[in-house]
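Listed below, chain by chain, are the residues.
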Amino acid sequence: MAKYLFKVKLTSDGLKGLLKEGGSARRDVVDRMVDGLGGRVETMYWAFGEDDVYVTAELPGNTSAAALGMVVSAAGGVRTSTVVLLSAEEIDEAVRQQVDYRAPGT
């Protein structure tokens, strides 16, 4: 399965919901949502700074990750940004591929 990092920023409505329900309840929602897509949550951390929550998850593929991000963001409580994560072995495979490329001006 593919791995993803979801960076989450709470909107004011999302923050109000968090204050009402708490972090554990939101974690349960995320677990059920990812499970329903055939994946699993690896980690979920709340944070200070530019992003409020970081979730790493395994999902069947990019369409599942896109569906998750779109549905969650459309609900209005958060804005998400999705990063595809690659293992060392996947990078090794990428390094072995031949790419026909010429840099500009060369």
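Parameters at a glance
Counting restarts for each chain, with residues numbered from 1 along the sequence as it is written. This being a predicted model, a pLDDT of at least 70 is required before a residue's local features are given, and a value of 80 or more before pairs of side-chain atoms are given or counted; all residues contribute to the totals for chains, interfaces and linings. Here the side-chain values reflect all heavy atoms present in the structure, with hydrogen atoms and water set aside. Any two strands with at least two DSSP-identified bridges between them are counted as paired. Starting at the N terminus, helices and strands are each numbered in turn, a helix being any DSSP run of H or I of at least four residues and a strand any DSSP run of E of at least two. Pairing of aromatic rings covers Phe, Tyr and Trp, the last through its six-membered ring, and needs centres within 6.5 Å; plane angles under 30 degrees mean stacked, over 60 mean edge-to-face, and all others mean tilted. Think of it in three bands: with a 1.4 Å probe and only protein chains considered, a residue is buried below 20% of the maximum accessible area for its type, exposed above 50%, and partly exposed in between. The residues that make up patches have over 30% relative accessible area and no salt bridge, and they are joined within 9 Å when like-charged or within 5 Å when they are Val, Leu, Ile, Met, Phe, Trp or Tyr. Only the protein chains shown count as cover for residues, with accessible areas throughout obtained via the Shrake-Rupley method and a probe of 1.4 Å. By convention in these notes, a salt bridge is any Lys or Arg side-chain nitrogen within 4 Å of a carboxyl oxygen on Asp or Glu.

Topic: the pairing of strand 1 (residues 2-10)
Pairing geometry for strand 1 and strand 3 (residues 53-59), over seven bridges, is antiparallel. What sits directly across from V8, in strand 3, is V53.

A closer look at the packing of aromatic side chains
Under the counting rule described, the total for this entry stands at one aromatic pair. Measuring from ring centre to ring centre gives 6.3 Å for Y4 and F6, while their planes differ by 35°; the resulting arrangement is tilted. Side by side, Y4 and F6 carry an identical accessibility label, which is buried.

Details of a nonpolar patch on the surface
On the surface, a nonpolar cluster with roughly 380 Å² of combined accessible area is contributed by V84, L86, I91 and V95. Among the secondary structure elements, V84 is positioned in strand 4 (residues 78-85).

Some remarks on the pattern of salt bridges
Applying the stated rule across the entire model yields seven salt bridges. Note that R27 and D31 form a salt bridge whose closest N and O atoms lie 3.1 Å from each other. Taken together, the residues R27 and D31, both in helix 2 (residues 23-36) and four residues apart, mark about one turn of the helix. Here D31 falls in the partly exposed class, since its relative accessible area comes to 21%. Ionic pairing is found between E58 and R40, a salt bridge with its closest N-O pair at 3.1 Å. Here E58 is found in strand 3, whereas its partner R40 is found in strand 2 (residues 40-46), with 18 residues between them in sequence. Residue classification places E58 among the buried positions, given a relative accessible area of 14%. What you see here is one network of salt bridges that share partners, running through K3, R40, E42 and E58.

Bear in mind that shape data such as this cannot, by itself, settle questions of function.
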